[in-house]
Structure formats: C-alpha cells, structure tokens
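Coordinates in review
Given next are the chains, with one letter for each unit.
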Amino acid sequence: MRLAVIGVGLIGGSFALALKQAKLASHVVGAGRNAANLKLALERGVIDAVAADPAAAAREADAVLVATPVAQSAPIFTAIAGALKHSAIVTDAGSTKRDVIAAARAALGAKIGQFVPGHPVAGAEKSGVAAATPALFRERRVVLTPLAENSREVIERVEKLWQACGARIPRLDAEEHDCVLAAVSHLPHLLAFALVHELAQRGNAAQLFSYAASGFRDFTRIASSHPEMWRDICLANRERILAEMSSYTKKLGELRSLLETGDGAALERLFAEAREARDQWLKASS
C-alpha cells in the first residue's frame, strides 16, 4: 500500500511507523510545511519520500492521512481533491470533527464518500516527528465519525489501518465527539495553559516554579503541547468549550463558597467523591 501522510509530526509519523511495522505500508510519502522536520522523517525512515505539496503526496496514494492542525484542513482538502484516485481512502487526526467535516464536504465534492473522519485520542506533550513511535496508538482509542456517504467497505478499510496500529475503534457522531472532547480534553488543556501562564506572569515566577513538584508537573504537563494545534482546536470548538468553562467556573464558585464559610465537612465530601470517581475511572480503563 502506498501511504501519504500530510503533516509528518507525532501523530502522522507514528501512524506511518506503525503501518510500516505491520507491513501494510510499503511506501510512505510525506508532505508538510517544515522542511527540517521532513528531512528528519526521511533520515529516520518514517517516510520514504518527500512530496512537494499535499496534491503531489496524494496523487498515487492508496490511503491518505491528514494530520495537521485543524485550521489547515480546508486548504489541504482543496489541494488533494483533484489528485485523489477513486479507489483511495482518506482519514484525518483532527481533535475536532464538525469543522473538519464541513471543510471536507466543501472541498471533496463527489469524493466525500472516500473520507472517513477520525481522531486518535492519543498523543504526548511533545510534537514533531522526533517524538513519533509505532507504539503510540496501542490500546488507545481512535474515534471514527463516519459520514452518511461512506460505504461499509470504505469505513472498514480505514478501521483496519488503525487496528493495525493497535488501536481500539469506537464510533461517535461528530456533534457528540466535539461535546465529549470539550469536557475531557480541550478544557483540561486550557486550564493547564492558564495556570502556567498566570504563574509565569508574576514577579516571583522563578521562586514559584522552583518549588513546584510532581503534582504541579503532572497537572501542567499538557501545557507543553503544540500552541498552534491547540489554538485551532479551541477556536474550532469554542462554543462547547465555553459551555464547559461555564460549568467549571460554577464548580469553582462552589469551592470558593465552601472555603469562605470554612465548611470542612462539605469540602472533604467533595474531595472524596472526586477521588472515588477518578479511582473508578482508572479501574475501568485499566
């Protein structure tokens, strides 16, 4: 199989490596904006060739993965639309789905049935092909949000690619996906960025960071994530993120009230309920 990866970073590079390891991808062509990153991908054997642009990468491909920040989806779909073979399949790795699907519908036209939207719920705080690993998707969820235009055969072909990477493949509709991810992914990233930025702006920032230990490191790990990617995600899903921020602000208000009134019993009860919910989640996901 000839694979085109548009955006050879952590996700795109890991996808290529995993499919090479599974012996499904015999030739991988990469395209992207960063020449140095593409050169490194070539040197490390993540890709076998560099294409001049997305259209050139997609032209002879049997499968195409678009793994760029979601704001780039529209121009990329426009670029590859005329180059896609009728037998080719296309998927993506965007963390938002409604905007990506709208971009695909506008650009791909009659070829929209070849595109099966996806989102690997896997990653790391580091970006770029240097962080890519074939193990990234093992036992992780890759959510597919199939379209009405997708045939069963096209969906199954995309599923098999992600399954070959070791992933589990649940399905959601695009609206449900964006609501769920706003709560459990997009909001936590905003909170981590906000906390680090707030402390960094203080006059005693160096002192504060010098005393930060494992709890702070764990909570803010995701603030090392790719700024452009998260800018695009937040803007694309802003209505749902704003709704989650309102809910979280209300919860912070409840905590503030408990602190102001010195209600230790209620505070401890809230902490215990939160710990129990987290422990149950960890137990169920192990």
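The shown structure was predicted, so the numbers you read here are calculated from the model rather than taken from an experiment. (Residues numbered from 1 in each chain as written. Predicted model: local features only at pLDDT ≥ 70, side-chain atom pairs only at ≥ 80, totals over all residues. Heavy atoms only, no water.)

Turning our eyes to something else, we now look at helix 11 (residues 238–261). Relative to the 34 Å expected for 24 residues at 1.5 Å per residue, helix 11 spans 34 Å between its end C-alpha atoms, a close match to the ideal helical length. When helix 11 is considered as a whole, its buried residues turn out to be R240, I241 and L258. Backbone geometry just after helix 11 places G262 at a positive phi near 65 degrees. (Helix = DSSP H or I, 4+ residues; strand = E, 2+ residues; numbered from the N terminus. Expected span 1.5 Å × (residues − 1). Buried < 20%, exposed > 50% of the residue type's maximum accessible area, 1.4 Å probe, protein only.)

Next up on the list: the nonpolar core. Of all hydrophobic cores here, the largest spans 37 residues; its most connected members are L3, V8, F15, V46, F137 and W162. Breaking this core down by element, the ones donating at least two residues are strand 1 (2–6), helix 1 (10–21), helix 2 (35–43), strand 4 (63–66), strand 8 (142–144) and helix 6 (152–164). By size, the runner-up hydrophobic cluster in this structure holds 27 residues, among which are A51, V64, I76 and V90. (Core = buried A, V, L, I, M, F, W, Y, C linked by side-chain atoms within 4.5 Å.)

Let's shift gears to the packing of aromatic side chains. One pass over the structure, following the stated rule, counts 4 aromatic pairs. With 4.5 Å between their ring centres and 50 degrees between their planes, F15 and W162 make a pair best called tilted. Taken together, the positions of F15 in helix 1 and W162 in helix 6 put the pair 147 residues apart, joining distant regions of the chain. Of the two residues examined, F15 and W162, each falls in the buried class. Through a chain of ring-to-ring contacts, three or more aromatic side chains come together here, namely F15, F137 and W162. (Phe/Tyr/Trp six-rings, centres within 6.5 Å; stacked < 30°, edge-to-face > 60°.)

Quick look at the side chain of T220 now. Structurally, T220 is set in helix 9 (residues 214–220). Dropping the residues within four chain positions of it, T220 is found in contact with A192, L195 and V196. (Contact = heavy atoms within 4.5 Å.)

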